[in-house]
Amino acid sequence: MSDNDPLDLERRTGLPADLLRLLETYPRESWAGHDNIRGLASMWLQRHDMFRELGGVLTEAISNYREGRKDARAFAGFFAPRLEFFLGQLNGHHQVEDMHYFPVFARAESRLKRGFDILDRDHHLIHEALEMNAEAANAFLRSLGEDEDRQRFAADAYAGQNERLVAMLARHLHDEEDLVVPLILDRGEYGLG
Ligand SMILES: [Fe+2]
Ligand SMILES: [Fe+2]
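Residues numbered from 1 in each chain as written. Chains lettered and ligands numbered in written order. Predicted model: local features only at pLDDT ≥ 70, side-chain atom pairs only at ≥ 80, totals over all residues. Heavy atoms only, no water.

Attention now goes to the overall build of the protein chain. What the protein chain contains, in helices and strands, is six helices and zero strands. Starting at the N terminus, the α and β elements of the protein chain follow one another as α-α-α-α-α-α. Dimensions of the protein chain, computed from C-alpha atoms along their principal axes, come out at roughly 60 × 35 × 25 Å. In the protein chain, which comprises 193 residues, the share counted as buried stands at 44%. (Helix = DSSP H or I, 4+ residues; strand = E, 2+ residues; numbered from the N terminus. Buried < 20%, exposed > 50% of the residue type's maximum accessible area, 1.4 Å probe, protein only.)

Structure follows, in structure tokens:
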């Protein structure tokens, strides 16, 4: 993907209109009341909500530490296991999507294939951001045993990485839902193969 690709995850504000025809038929407000929301589609939305919530918890924990509401030790004890869980779950989620669901969905509706390719590319970008995030997080956790200046520096570096990751993830989750949920509602979970 080139640097000025308008569909780049960190640049776009949504999927292109030709991929959102089903969303016009099944707008977000209608999802909860649709019979086919039960099962796969609602499980999908719940997983995404968990990632959003956990991303928010991590962001809040960092700002609690940076603003002195939590000391270094309390922060690290709270933060490290949650970060590990978040990164591991996200990785697993993307693998299942890339290897199982996206190919099935793209076969079921070939006009959406381009959309699933975009989402697949997002996963690679998010994966790189996850690795940078884990590195910055570890540097930060290590710095908690060092002097104040180093702690501040590492905390700022980590907070920046985390902010970027959470923003990328928010865009990706939203666009993925716009593509996947209307398709499931339209065909029914078992109509998709
Ligand atoms: Fe995804
Ligand atoms: Fe997803």
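With that settled, consider the coordination of the iron ion (ligand 2). The iron ion (ligand 2) binds to the protein through H48 (NE2), H93 (NE2), E97 (OE) and E176 (OE); the donor distances cover 2.0 to 2.2 Å. Between the four donor atoms coordinating the iron ion (ligand 2), the angles at the centre fall across 76 to 153°, so the site counts as irregular. Sequence spacing among the residues donating to the iron ion (ligand 2) works out to H-x44-H-x3-E-x78-E. A spacing of 3.3 Å is found between the iron ion (ligand 2) and the iron ion (ligand 1), which share E97 as a donor. With H48 in helix α3 (residues 40-66) and E97 in helix α4 (residues 72-108), this pair connects stretches of sequence that are 49 residues apart. Residue class for E97 comes out buried when judged on its relative accessible area of 1%. (Donors = N, O, S within 2.8 Å, 3.2 Å for Na, K, Ca; no water. Tetrahedral: all angles 85-135°; square planar, octahedral: opposite > 155°, others 65-115°.)

According to the stated counting rule, one finds 18 salt bridges in the structure shown. A salt bridge links D122 to R12; the shortest N-O distance between them is 2.7 Å. In this pair, D122 sits in helix α5 (residues 113-143) while R12 sits in the segment before α1 (21-25), placing the two residues 110 residues apart along the sequence. Given the relative accessible area of 6%, R12 is considered buried. (Salt bridge = Lys/Arg side-chain N within 4 Å of Asp/Glu carboxyl O.)

Turning to the packing of α5 against helix α6 (residues 148-187), a few remarks are in order. The N-to-C vectors of α5 and α6 enclose an angle of 160°; their axes lie 9 Å apart at closest approach. In this view, α5 runs roughly antiparallel relative to α6, as classed from their interaxial angle. In the packing of α5 onto α6, the handedness of the crossing is left-handed. Per-class residue counts for the contact of α5 with α6 are 20 nonpolar, eight polar and five charged. (Axes fitted to C-alpha atoms, helices over the stretch in contact; angles between N-to-C directions. Parallel < 35°, antiparallel > 145°, perpendicular 65-115°, else oblique. Left-handed = near helix turned anticlockwise from the far one by under 90°. Nonpolar A, V, L, I, M, F, W, Y, C, P; charged D, E, K, R; others polar.)

What follows concerns the layout of surface pockets. By volume, the largest pocket is sized at about 170 Å³. Of all the secondary-structure elements, those providing two or more residues to the lining of the largest pocket are α1 and α6. Of the residues forming the lining of the largest pocket, the biggest block, three residues, is contributed by α6. Counted by class, the lining of the largest pocket contains five nonpolar, no polar and six charged residues. (1 Å grid on protein atoms, 1.4 Å probe; cavity = no way out; pocket = protein on both sides within 12 Å on 5 of 7 lines; lining within 4 Å. Points joined across faces, edges and corners; volume = space filled by probe spheres on them.)

A few words on the coordination of the iron ion (ligand 1). At this site the iron ion (ligand 1) is bound by E97 (OE), H123 (NE2), H172 (NE2) and E176 (OE), with donor distances of 2.0 to 2.2 Å. Coordination at the iron ion (ligand 1) is irregular: its four donor atoms span angles of 85 to 170° at the metal.

Glancing now at the nonpolar core. Of all hydrophobic cores here, the largest spans 29 residues; its most connected members are F75, F79, F86, F140 and Y158. The leading source of residues in this core is α6, at eight residues. Apart from the residues lying within four places of it in its own chain, the contact partners of F140 are Y65, F75, Q151, A154, A155 and Y158. (Core = buried A, V, L, I, M, F, W, Y, C linked by side-chain atoms within 4.5 Å. Contact = heavy atoms within 4.5 Å.)

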